[in-house]
Amino acid sequence: MRAVVIGVGHLGKHHARILASLPGVTLAGVVDTNQERASQIAAERGTTAYTDISQVAGRVDAAVVSVPTESHAAIAMALIEAGIHTLVEKPVTQTLAEADALIAAARAKGVVFAVGHSERFNPAVAAARPHIKDPRFIEVHRLGQFPDRSLDIDVVLDLMIHDIDLILSLVPSEVEGVEAVGVPVLTPRIDIANARIRFANGCIANLTASRISREPVRKIRFFQQDAYLSIDTAAREVEMWRLVPQATGLPKIGGGKLEVAGDEALKGELEDFLGAIRDGRAPAVTGEQGRAALALATRIVELMGHRP
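Per-chain numbering applies: the sequence of each chain, read as written, is numbered from 1 onward. Local features in a predicted model are, by the rule used here, given only for residues with pLDDT of at least 70; side-chain atom pairs are given and counted only at 80 or more, and totals for whole chains, interfaces and linings are based on all residues. Just so you know, side-chain values use all the structure's heavy atoms and leave hydrogens and water out.

**Student:** Which parts of the structure should I look at to understand the sheet that holds strand β1 (residues 2-6)?
**Tutor:** Backbone-to-backbone hydrogen bonds pair the strands of a sheet. The strands run either parallel or antiparallel. Only strands that DSSP links by at least two bridges are regarded as paired with each other. Secondary structure elements are defined from DSSP: runs of H or I of at least 4 residues count as helices, runs of E of at least 2 residues count as strands, and each element is numbered from the N terminus. Ordered by their spatial adjacency, 6 strands build an open sheet running β3-β2-β1-β4-β5-β6, and the pairing between neighbours is parallel. The sheet is open, and its two edges are formed by β3 (49-50) and β6 (113-116), each paired on a single side. The sheet contact formed by strand β5 (residues 85-89) and β6 spans 4 bridges and is parallel. Residue Glu89 lies in a different strand from β6, and its bridge partner there is Gly116.

Below, the structure written as structure tokens:
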């Protein structure tokens, strides 16, 4: 299978690295408007550098779009219309209308359209998922240091959307209500945000995202009737604690770290995308699911008095 990466900056260069190493895949090229950067990554990965997506039409089967969010819709649409299976990094697009157009185009062309919510493939999340059953309260902290990238979007669409997607995949219920507050601190966009999401089944999720933290934190805690689970997606660690009945007397608290096995999340994301193409199945994160995460993120931003 011939694959290309569109945009080889902060994240795209890792897509190129992984694709170049996967069996059954040829990294047929990298595309970047920065000729020097494209040439450097192409040389490192033994492939061809391009500066425009029109140069790869007819030469590739699959593409990964890792450019600034404002360009997702136009680039992905051109690829899909050319019959190229496409994975777009999160957030899927800037607007819901753009997402709807890509979903419709992919369906009409019969191509795989996936969205890069890589935390779905985090080994720690995979280890915890079988034990998460009907959580009642979820507490999320995703705090990062001030970046030199993704400043074209606010912290909700940059960082919080990772956890929005995860929670929507783990809570089998409709969102019933949302409260949110956000503050622009270092940029004109929201740099720190908190959202409280209420689901129809009674579950409450409290999400905090910041890109002005001194120390990075990526933790999700699940509280349910029979257990407490804590996931550190950065350290790839999971702890689970629960009451253990005793033959006599009161139950005791038992548990500890769960075994976590697996490779880097981005590799899992790409393997799933390529597997969906080969097997003729839906990817783990479909265009529709990417749209659902965007819809909730957009709702959160609008409640803060800002527009994405």
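From this point, the narrative continues.
**Student:** Explain the pattern of salt bridges here, please?
**Tutor:** Where side chains of opposite charge bring their charged atoms close, a pairing between them can arise. A pairing counts as a salt bridge when a side-chain nitrogen of Lys or Arg comes within 4 Å of a carboxyl oxygen of Asp or Glu. Enumeration according to the criterion identifies 18 salt bridges in this entry. Asp32 is the salt-bridge partner of Arg37, the closest N and O atoms lying 3.1 Å from each other. Only protein chains enter the accessibility calculation, which uses a 1.4 Å probe; a residue is then buried when its area is under 20% of its type maximum, exposed when over 50%, and partly exposed in between. Judged by its relative accessible area of 35%, Arg37 falls in the partly exposed class. By relative accessible area, Asp32 is classed as buried at 6%. For Asp191, the salt bridge identified is with Arg211, shortest N-O distance 2.9 Å. With a gap of 20 residues between them, Asp191 in the loop between β8 (175-183) and β9 (192-199) and Arg211 in the loop between β10 (204-210) and β11 (217-224) connect regions that are remote in the sequence. As far as burial versus exposure is concerned, Asp191 and Arg211 are alike and both buried. By sharing partners, the salt bridges in this structure join Glu119, Arg142, Asp163 and Arg218 into a single network.

**Student:** Please clarify how the packing of aromatic side chains should be interpreted in this entry.
**Tutor:** Each aromatic ring pair is characterised by the separation of its centres together with the angle its planes make. Aromatic pairing here means that ring centres of Phe, Tyr or Trp (its six-membered ring) are within 6.5 Å. Orientation follows from the plane angle: under 30 degrees is stacked, over 60 is edge-to-face, and everything else is tilted. Scanning all chains against the criterion turns up 2 aromatic pairs. Each ring, one from Phe137 and one from Phe223, has its centre 5.8 Å from the other, and the planes form 35 degrees; the classification is tilted. One end of the pair, Phe137, is in strand β7 (residues 137-143); the other, Phe223, is in strand β11, and 86 residues separate them in sequence. Residue classification places Phe223 among the partly exposed positions, given a relative accessible area of 33%. Clustering of aromatic rings is evident, with ring pairs tying together Phe137, Phe223 and Tyr228.

**Student:** Honestly, the layout of surface pockets in this entry has me stumped. Any pointers?
**Tutor:** In this structure, the second largest pocket encloses a volume near 240 Å³. Cavities and pockets are defined on a 1 Å grid built over the protein atoms alone: a cavity is a set of grid points where a 1.4 Å probe fits but cannot escape, while a pocket is an open set with protein on both sides within 12 Å along at least five of seven lines, and lining residues are those with an atom within 4 Å of any such point. As for the second largest pocket, its lining consists of 16 residues, of which Val111, Val112, Phe113, Pro283 and Glu288 are closest to the centre. Only α4 (96-109), α7 (265-279) and α8 (287-303) provide two or more residues apiece to the lining of the second largest pocket. Residue contributions to the lining of the second largest pocket peak at 3 residues, all from α4. Grid points are joined across faces, edges and corners, and a volume is the space filled by probe spheres set on the points.

**Student:** I'm lost on empty space enclosed by the protein in this one. Help?
**Tutor:** Over the atoms rolls a probe the size of a water molecule, and in doing so it shows where empty space is left. Scanning all chains against the criterion turns up 1 cavity of 30 Å³ or more. Estimates place the volume of the largest cavity at around 30 Å³. If you go around the largest cavity, the residues you meet are Leu87, Ala114, Val115, Phe121, Glu269, Asp272, Phe273, Pro283 and Val285. Those elements that place two or more of their residues in the lining of the largest cavity are β6 and α7. With 3 residues, the single largest contributor to the lining of the largest cavity is α7. In terms of residue class, the lining of the largest cavity is made up of 7 nonpolar, no polar and 2 charged. All amino acids are sorted into three groups, where Ala, Val, Leu, Ile, Met, Phe, Trp, Tyr, Cys and Pro are nonpolar, Asp, Glu, Lys and Arg are charged, and the leftover types, Gly among them, are polar.

Functional significance is not addressed by these values, which are geometric in nature.
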